[in-house]
Amino acid sequence: MEVKMADLPGIGKKMSFLTAEGSMVVLVTHHTGKRELYFFTDPDEDEADFSMELTSDETRELGAQLLGAVFQPVDSDKMKLFRSKIVVEWVSLKEGTTFAGKTIGEAEVRKKTGVSIVGIFRDDEVIASPGVKETLQVGDTVMVVGKSSQISEFEDLAEGEAN
């Protein structure tokens, strides 16, 4: 990214850069400390789509937030990798499932399939983060988390197709 700096005689400095989407952001810092922030969807236009004035303190706080001083988001490449490896799926427990009538612990869901049950939808009831003593029933829709292959194995058992 190329950042352009320019002196504005009698006013202060102007800093501008093009975003990855081709928009332009301009910051004018006055000698008095006042800052003006401008946003141009089309960098070739003379009039900004959006502008605002910021005090020195507001500018520092905005800069700190943009730098991640308070909140640091997860690296997007790591999130893509995580999303490609970990799946969340809703699965209905059918007649013939080996899980019916057993607690999550007794059914050994994680041991047999590798998935974790993180929620159960039963009739009009939602059971968030069910414990190992929660009994599974035919007709339950369970929210499971795991790898795609583990989810597939769980689905087979939930439908009564495997043992």
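Keep in mind the model is a prediction, meaning the values are calculated, not measured.

Visitor: What's the story with the overall build of the protein in this structure? I'm lost.
Guide: Regarding its fold elements, the protein presents 5 helices and 9 strands. Along the protein, helices (α) and strands (β) appear in the sequence β-β-β-β-β-α-α-β-α-α-β-β-β-α when read from the amino end. Of all 163 residues assigned to the protein, the portion counted as buried reaches 27%. Nonlocal contacts in the protein, meaning residues at least 24 apart in sequence, comprise 42% of its contacts between residues at least 6 apart. Surface summary for the protein: the accessible area is close to 11,200 Å², and the carbon and sulfur share equals 53%.

Visitor: What am I meant to see in the pattern of salt bridges here?
Guide: Working definition: two side chains of opposite charge can pair if their charged atoms are close together. Using the criterion set out here, one finds 7 salt bridges in the structure. Its salt-bridge partner being D57, residue R60 comes within 2.8 Å of it at the nearest N-O pair. Pair noted here: R60 and D57 are both in helix 1 (residues 56–67), with a separation of 3 residues, about one helical turn. For the salt bridge of R122 with E134, the shortest nitrogen-to-oxygen distance reads 3.2 Å. On the criterion of sequence distance, the pair formed by R122 in strand 7 (residues 116–122) and E134 in the loop between strand 8 (125–128) and strand 9 (141–146) is long-range, its members being 12 residues apart. Under the relative-accessibility criterion, E134 is labelled partly exposed at 23%. One continuous salt-bridge network, built from bridges that share partners, spans K34, E36 and E53.

Visitor: Please explain the environment of E89 as it appears in this structure.
Guide: Inspection of the secondary structure assignment puts E89 in strand 6 (residues 87–92). Residue class for E89 comes out partly exposed when judged on its relative accessible area of 32%.

Visitor: Any chance you could explain the side chain of T59 here in plain terms?
Guide: The topology assignment puts T59 in helix 1. When its relative accessible area of 18% is taken as the criterion, T59 is described as buried. Each residue touching T59, except ones within four places of it in the same chain, is listed here: R35 and L54.

Visitor: Just checking my understanding: could you explain the layout of surface pockets for this structure?
Guide: The rolling of a water-molecule-sized probe over the atoms marks out the regions of remaining empty space. Approximately 240 Å³ is the volume found for the largest pocket. Lining of the largest pocket is provided by M15, F17, V25, L27, L37, L54, T59, L62, G63 and L66. Elements that contribute at least two residues to the lining of the largest pocket include exactly strand 2 (12–18), strand 3 (24–30) and helix 1. Here the element with the most residues in the lining of the largest pocket is helix 1; it accounts for 4 residues. Across the lining of the largest pocket, the residue classes break down as 8 nonpolar, 2 polar and no charged. Approximately 170 Å³ is the volume attributed to the second largest pocket. Lining the second largest pocket are I104, G105, E108, V109, R110, V115, S116, I117, P130, G131 and V132. Those elements that place two or more of their residues in the lining of the second largest pocket are helix 3 (104–107), helix 4 (109–113) and strand 7.

Visitor: Would you explain the packing of aromatic side chains in this entry?
Guide: Each aromatic ring pair is specified by the distance between its two centres and by the angle formed by the two planes. Summed over the entire model, instances satisfying the criterion amount to 1 aromatic pair. Taken together, a centroid distance of 5.1 Å and an interplanar angle of 15° make the contact between F99 and F154 stacked. Of this pair, F99 sits in the loop between strand 6 and helix 3 while F154 is found in helix 5 (residues 148–158), placing the two residues 55 residues apart along the sequence. Accessibility expressed as a relative area gives 0% for F154, which makes it buried.

Visitor: What's the story with a nonpolar patch on the surface in this structure? I'm lost.
Guide: A contiguous nonpolar patch, built from M1, V3 and M5 and spanning about 370 Å² of accessible area, is present on the exposed surface. By the element assignment, V3 lies in strand 1 (residues 3–8). Of the residues examined, V3 reaches a relative accessible area of 44% and is grouped as partly exposed.

Visitor: I would appreciate a short explanation of the confidence of the model for the protein in the present structure.
Guide: The predicted coordinates of low-pLDDT regions are not to be read in fine detail. Overall, the prediction assigns the protein a mean pLDDT of 88, with 88% of residues at 70 or greater. Mean pLDDT across the elements of the protein bottoms out in helix 2 (residues 76–85) (68) and peaks in helix 3 (95).

Rules of the game
Sequence order as written defines residue numbering, which begins from 1 separately in each chain. Only residues with pLDDT of at least 70 get local features here, since the model is predicted, and only at 80 or more are side-chain atom pairs given and counted; chain-wide, interface and lining totals rely on the full set of residues. Side-chain numbers come from the whole structure's heavy atoms, not from hydrogens or water. Numbering of helices and strands runs from the N terminus, with a helix taken as a DSSP run of H or I at least four residues long and a strand as a DSSP run of E at least two residues long. Note on exposure labels: buried denotes an accessible area under 20% of the residue type's maximum, exposed denotes more than 50%, and partly exposed covers the range between, all computed with a 1.4 Å probe on protein chains only. Any pair of residues with heavy atoms lying within 4.5 Å of one another is described as a contacting pair. Accessible areas in this description were obtained via Shrake-Rupley with a 1.4 Å probe; residue shielding takes into account the shown protein chains only. One side-chain nitrogen of Lys or Arg within 4 Å of one carboxyl oxygen of Asp or Glu is enough to make a salt bridge. A 1.4 Å probe that fits but cannot get out identifies a cavity on a 1 Å grid over protein atoms alone, an open set with protein on both sides within 12 Å along at least five of seven lines counts as a pocket, and a residue lines either if it has an atom within 4 Å of a point. Grid points are joined across faces, edges and corners, and a volume is the space filled by probe spheres set on the points. Residues are grouped as follows: Ala, Val, Leu, Ile, Met, Phe, Trp, Tyr, Cys and Pro are nonpolar; Asp, Glu, Lys and Arg are charged; every other residue, Gly included, is polar. Aromatic contacts are taken between Phe, Tyr and Trp rings whose centres are within 6.5 Å, Trp giving its six-membered ring; a plane angle under 30 degrees counts as stacked, one over 60 as edge-to-face, and the others as tilted. Patches were defined on residues exceeding 30% relative accessible area and lacking a salt bridge, with like-charge contacts within 9 Å and nonpolar side-chain contacts (Val, Leu, Ile, Met, Phe, Trp, Tyr) within 5 Å. Confidence of the predictor in every single residue is expressed as pLDDT, which spans 0 to 100.

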